[in-house]
Amino acid sequence: MSNSNNRRNFLKLTGLAGLGVATGGFVSCSSTSGIIAPPNMGTSRFNMSGYAAPKIETVKIGFIGLGMRGPSAVKRMSYIDGVEIKALCDSRTKQAESSKKLLDGTKHNPKVYSGSEDAWKQMIDTEDLDLIYIATPWDLHVPMAVYGMNAGRHVAVEVPAAKTIDECWELVETSERTKMHCMMLENCCYDFFELLTLNMARQGYFGDIVHGEGAYIHDLVDLNFDKNAYENMWRLKENIGRDGNLYATHGLGPICQIMNVNRGDQMDYLSSLSSADFSMHKRATKLAGEDPFFNEFKNKKFRGNMNTTMIKTKNGRSMMIQHDVSSPRPYSRIHMVSGSEGFAQKYPEPGKISKGHSWLNEQDYRAVEEKYTPEIVKKVGDLAKRVGGHGGMDFIMDWRLIDCLRNGLPLDQDVYDAALWSAVTPLSEQSVANRSNSIDVPDFTRGHWKTNAPVDISLTGGGTTNVLLAD
């Protein structure tokens, strides 16, 4: 019996299905029992954590989604040796052709697929590809990733990788069955301070990791209400009828790696609370009074400005992850690491480190930075800053992905990370809807977290991929 059938049978046996609860859903019980969640069903078909797929000398890539994020990814990949950009796909022909022009003067001459909503399927079915790079609206991430893996392609998918718990399980089960990598493109794991603190944690600088904080605090109200930004206003629509941490992974991913979540520790349960909405509805009402285009939004219920989600791990660590993209605040991902022997926090910038009550002075900070800067930053950090992409972290991420595929190394982010980090969003929505009651977090590794090895950022066995930049 399939795992999805097992979950459906659990709902029937417990009577939850009769209450209209979707597979993987939750219902309130009493004030003492909180939330009941279906247990993790089945056993792992194959452990993708630490899995090294066969080496690929030249990684042949097809891109899907060439709107906000896709074109810059296409350009970045053109600077990486051992890559062949074979295909570009967007339902809008203009977008696809515009992205192809970015490759003028390079060795790449990709075929363009466009003009229909299913052009991406034609691309996957037709082209000889090793990697599908997905930068589409969130609803399309799982269908495209699953289709790609079933076709024998590795996939790299923008954040969040999935929107529902069932979708998270679908990614896991497909990756395990096909033995195709499914990496969520969480670029913030590759920013410079995050990589520094990850290596510091690996080397024991912080002692035992006690607590971590992350966030996505970024005023996007103007962009979300811009008619010329996201196609068909899809990003604005994601903020309607959903209340929770809708974009958790930027702050969450680096903290999870530092805590070895999925690789020595695991999330146990979470609680989530949202403020009311003080911005989005007001903006929708104001704009509707000026432009009838916005009439469909003026009576909608938007998510609260600030969401705060607290997570407890199996080993007793705690996390706080926040989301606010509608308040006029300075940008912050917080990135705070608190250990039994040390502390670090990135925002407000510049980042700071302490070993006690006081911050390290500039000289001592530079000494720590020199000692703990990881090998990957020393190798491609300066080149990444030249290429760009959120200060260089996007390029480090892309370079590392290609280098791992070319050298047959496990990926830094596997399908379990994609599923777990994405799952925080629907779980936070459930908690918010149930007066912030705690909710158990599924273990997508199905027990393998106890023996999975931590992420290795030493470049052992890799680091051989050149960057195509003139001196």
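What you are looking at is a predicted structure, and each value in this text was computed from that prediction instead of being measured. (Residues numbered from 1 in each chain as written. Predicted model: local features only at pLDDT ≥ 70, side-chain atom pairs only at ≥ 80, totals over all residues. Heavy atoms only, no water.)

S.K.: Report on the packing of aromatic side chains, specifying residues and quantitative values.
M.R.: Ring pairs (aromatic) are described by centroid distance and by the angle formed between their planes. All told, the structure shown has 17 aromatic pairs when counted by the stated rule. When the ring of Tyr-331 is compared with that of Tyr-347, the centres are 5.9 Å apart and the planes differ by 70°; the resulting orientation is edge-to-face. Of this pair, Tyr-331 sits in the loop between strand E12 (318–324) and strand E13 (336–339) while Tyr-347 sits in the loop between strand E14 (343–345) and strand E15 (352–354), and the two are 16 residues apart along the sequence. These aromatic residues form a ring-pair network of at least three members: Trp-138, Tyr-216, Tyr-230, Trp-234, Tyr-247, Tyr-331 and Tyr-347. Its end group placed over the ring of Phe-46, Lys-179 keeps NZ or CZ at 4.3 Å from the ring centre. (Phe/Tyr/Trp six-rings, centres within 6.5 Å; stacked < 30°, edge-to-face > 60°. Helix = DSSP H or I, 4+ residues; strand = E, 2+ residues; numbered from the N terminus. Lys NZ or Arg CZ within 6 Å of the ring centre and 35° of its normal.)

S.K.: Lay out the domain arrangement of the protein with the relevant residues and their values.
M.R.: Assigned domains within the protein: domain 1 (59–185) and domain 2 (188–375 + 414–450). At the junction of the two partners, domain 1 supplies 22 residues and domain 2 supplies 28 residues. Carbon and sulfur atoms make up 70% of the surface buried where domain 1 meets domain 2, a total of about 2,200 Å² over both sides. At the surface where domain 1 touches domain 2, the tally comes to 4 salt bridges. The partner of Glu-238 in a salt bridge is Lys-163, with the nearest N and O atoms 3.1 Å apart. Counting across the interface, domain 1 meets domain 2 through 6 residue pairs in polar contact (both at pLDDT 80 or more). (Domains from an automatic or database assignment. Contact = heavy atoms within 4.5 Å. Buried area = accessible area lost by both parts, 1.4 Å probe. Salt bridge = Lys/Arg side-chain N within 4 Å of Asp/Glu carboxyl O. Polar contact = N/O pair within 3.5 Å; in protein donor to acceptor, adjacent residues only side chain to side chain.)

S.K.: Give me the pairing of strand E11 (residues 307–313): which residues, what numbers.
M.R.: One face of the sheet, then the other: side chains in a regular strand alternate in exactly this way. Most of E11 is tucked away, with 5 of its 7 residues classed as buried. Bridge count between strand E10 (residues 267–274) and E11: 7 bridges; the pairing is antiparallel. From the neighbouring strand, Ser-272 faces E11, where its bridge partner is Thr-309. Bridging between E11 and E12 involves 6 bridges; their strand directions are antiparallel. Within the sheet, the bridge partner assigned to Met-310 lies in E12 and is Met-320. (Buried < 20%, exposed > 50% of the residue type's maximum accessible area, 1.4 Å probe, protein only. Pairing = 2+ DSSP bridges.)

S.K.: A description of the UniProt feature "domain: Gfo/Idh/MocA-like oxidoreductase N-terminal" (unreviewed entry) in the protein should follow, citing residues and the corresponding values.
M.R.: This chain's UniProt record puts "domain: Gfo/Idh/MocA-like oxidoreductase N-terminal" (unreviewed entry) on residues 60–183. With 40% helix and 22% strand, the stretch residues 60–183 has end C-alpha atoms that lie 16 Å from each other. (UniProt positions renumbered as here; feature names shortened; annotations may be inferred.)

S.K.: Now, about the nonpolar core: what can you tell me, with residues and values included?
M.R.: The nonpolar side chains of a soluble globular protein tend to be buried with one another. Counting residues in each nonpolar core, the largest one holds 122 residues, and the members touching the most others are Phe-63, Leu-171 and Met-267. For this core, the two domains that each supply at least three residues are domain 1 (59–185) and domain 2 (188–375 + 414–450). Among residues more than four places away in sequence, those in contact with Met-267 are Leu-252, Cys-256, Val-261, Ile-311, Lys-312, Thr-313, Lys-314, Met-319, Leu-420, Val-424 and Val-441. (Core = buried A, V, L, I, M, F, W, Y, C linked by side-chain atoms within 4.5 Å.)

S.K.: For the pairing of strand E7 (residues 154–157), give the residues involved together with the corresponding values.
M.R.: Here E7 shows two buried faces, one formed by His-154 and Ala-156 and the other by Val-155 and Val-157. Note that strand E6 (residues 131–134) and E7 share 4 bridges and pair parallel. Each residue of the ladder has a partner; that of Leu-131, found in E7, is His-154. Pairing analysis gives 3 bridges linking E7 to strand E8 (residues 182–184), with the strands arranged parallel.

S.K.: Which residues make up helix H4 (residues 119–126), and what are the values?
M.R.: Of all the residues in H4, the buried ones are Ala-119, Trp-120, Met-123 and Ile-124. With its buried residues spanning 140° around the axis, H4 presents them on a single face. Here the buried face of H4 lies against strand E3 (59–64), strand E4 (83–90), strand E5 (111–114), E6 and helix H5 (141–150). (Arc of directions from axis to C-beta.)

S.K.: Break down the sheet that holds E14 for me, citing the residues and quoting the values.
M.R.: Taken in spatial order, the 8 strands make up an open sheet running E15-E14-E13-E9-E12-E11-E10-E16, and their pairing is mixed. Strands at the two margins of the open sheet, each flanked by one partner only, are E15 and strand E16 (439–440). Sheet analysis places strand E9 (residues 209–217) next to E13, joined by 4 bridges and oriented antiparallel. Of the residues in E13, the one forming a bridge with Ile-209 is Gly-339.

S.K.: Run through the sheet that holds E4, naming residues and quoting values.
M.R.: Strand order in this open sheet of 6 strands is E5-E4-E3-E6-E7-E8, and the pairing throughout is parallel. Strand pairing shows two members of the sheet lacking a second neighbour, E5 and E8, which therefore form its edges. Mean inter-strand twist for the sheet, computed between neighbouring axes without regard to direction, equals 20°. Bridging between E4 and E5 involves 4 bridges; their strand directions are parallel. Residue pairing for E5: Cys-89 is matched across the bridge by Tyr-113. (Axes fitted to C-alpha atoms, helices over the stretch in contact; angles between N-to-C directions.)

S.K.: So what about the UniProt feature "domain: Glycosyl hydrolase 109 C-terminal" (unreviewed entry) in the protein? Which residues, and what values?
M.R.: The feature "domain: Glycosyl hydrolase 109 C-terminal" (unreviewed entry), as given by UniProt, occupies residues 195–353 in the numbering adopted here. Secondary structure across residues 195–353 divides into 24% helix and 25% strand, with the first and last C-alpha atoms of the span separated by 14 Å.

S.K.: Outline helix H14 (residues 393–407), supporting the account with residue identities and numerical values.
M.R.: The end-to-end C-alpha separation of H14 is 21 Å, in line with the 21 Å expected for 15 residues at 1.5 Å each. With 14 of its 15 residues buried, H14 lies for the most part within the structure. Count one or two residues on from H14 and you reach Gly-408, which has phi positive near 65°. (Expected span 1.5 Å × (residues − 1).)

S.K.: Outline the pattern of salt bridges, listing residues and values.
M.R.: A full pass over the atoms with the stated rule returns 27 salt bridges. Among the ionic pairs, Arg-76 bridges to Asp-398, the shortest N-O distance being 2.6 Å. Placement of the pair is Arg-76 in helix H2 (residues 70–77) and Asp-398 in helix H14, with a sequence separation of 322 residues. Here Arg-76 matches Asp-398 in class, with each residue buried. The partner of Arg-400 in a salt bridge is Asp-412, with the nearest N and O atoms 2.9 Å apart. Taken together, the residues span a long stretch of sequence, with Arg-400 in helix H14 and Asp-412 in the loop between H14 and helix H15 (415–433) at a distance of 12 residues. The exposure class assigned to Arg-400 is buried, which follows from its relative accessible area of 4%.

S.K.: Before we move on, could you go through the environment of Val-261 and cite the residues and values that matter?
M.R.: As for its position among the elements, Val-261 is in the loop between helix H10 (249–258) and E10. Residue class for Val-261 comes out buried when judged on its relative accessible area of 2%. Note: C-alpha distance between Val-261 and Leu-171 (90 residues apart in sequence) is 18 Å. Sequence-distant contacts of Val-261, that is, excluding residues within four places in its chain, are made with Cys-256, Gln-266, Met-267, Met-319, Asp-417 and Leu-420.

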